[in-house]
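# Breakdown of the fold
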Amino acid sequence: MTEKEQQFNEAGTMIERVKQEISRFIVGQEDVIDQVLWSIFAGGHVLLEGLPGLGKTMLVRTISECLDLEFSRIQFTPDLMPSDITGTMLLQPGEDGRQQFTFHEGPLFSHIVLADEINRATPKTQSSLLEAMGERTVTVMGETKQLDQPFFVLATQNPIDMEGTYPLPEAQMDRFICKILVRYPSKQELKQIALRTTGRETISIEKAASIKDVLLLQQLVKEVLISEEMLDYAVSIISSTHPNVEESPELVRQYVQFGSGPRGLQSLIKMAKARALFAGRYHVSAGDLKQTAYPVLRHRIILNFEAEANGVLIDSIISEVVESAYKLGKGTPV
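Residues numbered from 1 in each chain as written. Predicted model: local features only at pLDDT ≥ 70, side-chain atom pairs only at ≥ 80, totals over all residues. Heavy atoms only, no water.

### A look at the overall build of the chain
Each helix and strand in the chain was counted, giving 14 helices and 11 strands. On C-alpha atoms alone, the chain measures out to a radius of gyration of 21 Å, which is about the 20 Å that the 2.2 N^0.38 rule sets for 334 residues. Taken along its principal axes, the extent of the C-alpha atoms in the chain is 75 × 50 × 45 Å. Counting only carbon and sulfur atoms, one obtains 51% of the accessible surface of the chain, whose full area is about 16800 Å². Measuring between centres, the 33 positive side-chain charges of the chain sit 3 Å from its 44 negative side-chain charges. (Helix = DSSP H or I, 4+ residues; strand = E, 2+ residues; numbered from the N terminus. Rg over C-alpha atoms; globule rule 2.2 N^0.38 Å. Areas by Shrake-Rupley, 256 points an atom, 1.4 Å probe, with all protein chains shown as cover. Lys, Arg positive; Asp, Glu negative; His and termini not counted. Charge placed at Lys NZ, Arg CZ, Asp CG, Glu CD.)

Shown next, in the form of structure tokens:
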């Protein structure tokens with residue numbers, strides 16, 4: 001066994017250990033857990049959307065404890081200022097007794113930042129967060145400070161209570177590698193949640209990986225191979241989201257206003273590589289691209305008014321896109 005094969009095998013064992021530890025505390029939500037972990041190891045940020053009380057905050061906190069990462073939570077409100085999240089310069093007495101400016105770090109200086117209800121903050125505060133997401137830096141009073149690595153933002157949105165919110169513009173939504181829908185638990189899962197949270201027993205989370213392990217897994221994701229055929233398939237998926245492309249499905253031409261851009265292609269390949277690593281493979285398959293297309297494209301395809309009027313679901317469009325792109329290249333390079 002080569003050194004690289006041994007690294008991949010150890011990574012698979014570590015991933016299983018992390019997932020088992022998370023499942024000890026979080027009931028169900030297997031797909032959500034997988035997709036969040038794919039995003040983290042792909043080095044991207046996540047937008048979580050779901051009703052209140054579905055355990056989004058608890059999931060993020062549990063993952064941070066399992067991976068031994070520093071965690072901070074920011075509750076976004078309309079009166080939140082950029083300095084409240086980035087930190088600020090305070091005038092304090094120095095050792096010589098003279099007053100001097102000292103920088104006090106804000107909650108962004110953590111490994112995992114939970115941006116709760118991100119759409120409740122003003123665009124000015126949102127832009128400070130988006131700078132940290134895109135550049136991994138924070139600018140305070142003209143001075144740029146580097147954030148520690150790894151750095152992930154997991155933002156939540158409430159899909160029903162839109163009063164008094166500032167929805168993220170499409171260009172800013174594109175900064176998130178994927179959008180994950182947190183669904184309502186089943187009856188059996190609800191029963192398990194009640195048993196685990198209303199009894200005397202307290203479940204403590206053990207560390208299943210370290211910061212060094214997370215950085216190693218991020219590097220291994222980059223080393224997963226993608227063939228020319230699979231790369232062409234990924235390009236076809238992205239291209240098929242554009243309504244003005246001849247090969248696009250009928251649903252896209254009828255209901256889509258704007259499709260995904262190059263960042264969507266990059267995110268799709270990164271997520272597919274992470275999924276392949278989770279499955280213990282060294283190469284990306286068509287199944288990896290199909291499954292990761294849903295969270296990657298949900299917030300990158302903009303539907304027109306006709307689609308909204310007819311109640312067309314975005315996942316239906318994505319399903320049509322991935323199947324159409326697959327059939328287009330079946331038997332030949334896509």
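### Focus on the environment of S39
Positionally, S39 belongs in helix α2 (residues 30–41). For S39, a relative accessible area of 0% puts it in the buried group. The spacing of S39 and A272 is 233 residues in sequence and 9.9 Å in space, taken between C-alpha atoms. (Buried < 20%, exposed > 50% of the residue type's maximum accessible area, 1.4 Å probe, protein only.)

### A word on a nonpolar patch on the surface
A cluster of nonpolar side chains, namely L51, Y184, L190 and I193, defines an oily patch on the protein surface of about 360 Å² accessible area. Tracing the backbone shows L190 in helix α7 (residues 187–197). Residue class for L190 comes out partly exposed when judged on its relative accessible area of 35%. (Patch = residues over 30% accessible without salt bridge, like charges linked within 9 Å, V, L, I, M, F, W, Y side chains within 5 Å. Salt bridge = Lys/Arg side-chain N within 4 Å of Asp/Glu carboxyl O.)

### Focus on the sheet that holds strand β9 (residues 178–181)
With parallel pairing, the 5 strands of this open sheet are ordered in space as β2-β5-β8-β1-β9. A single partner strand is all that each edge strand has here, and the edge strands are β2 (71–75) and β9. This sheet shows a mean twist of 20 degrees between the axes of neighbouring strands, independent of strand direction. In the sheet, strand β1 (residues 46–49) pairs with strand β8 (residues 152–157) via 4 bridges, with the strands oriented parallel. Residue L47 lies in a different strand from β8, and its bridge partner there is A155. Packing against the sheet, α2 makes contact with β1, β5 (112–116), β8 and β9, and its axis sits at approximately 165 degrees to β9. (Pairing = 2+ DSSP bridges. Axes fitted to C-alpha atoms, helices over the stretch in contact; angles between N-to-C directions. Contact = heavy atoms within 4.5 Å.)

### Overview of helix α3 (residues 56–66)
Taken together, the buried positions of α3 are occupied by K56, L59, V60, T62, I63, S64 and C66. Residue D68 follows α3 closely and has a positive phi angle near 60 degrees.

### Looking at the packing of aromatic side chains
Each pair of aromatic rings is reported with the distance of its centres and the angle of its planes. Under the criterion given, the structure shown has 2 aromatic pairs. Geometrically, the ring pair formed by F41 and F278 is tilted, given 5.8 Å between the ring centres and 45 degrees between the ring planes. Placement of the pair is F41 in helix α2 and F278 in helix α11 (residues 262–278), with a sequence separation of 237 residues. Residue F41 is classed as buried on the basis of its relative accessible area, which comes to 2%. Classification of F278 by relative accessible area gives buried; the value is 15%. Aromatic pair Y233 and Y326: ring centres 5.8 Å apart, planes at 65 degrees, arrangement edge-to-face. Taken together, the positions of Y233 in helix α9 (residues 228–239) and Y326 in helix α14 (residues 314–329) put the pair 93 residues apart, joining distant regions of the chain. (Phe/Tyr/Trp six-rings, centres within 6.5 Å; stacked < 30°, edge-to-face > 60°.)

### Quick word on the side chain of K56
You can see K56 is positioned in helix α3. For K56, the side chain forms a polar contact with the main-chain oxygen of G50, separated by 3.2 Å. In contact with K56, other than residues within four places in its own chain, are L48, G50, L51, T156 and V182. (Polar contact = N/O pair within 3.5 Å; in protein donor to acceptor, adjacent residues only side chain to side chain.)

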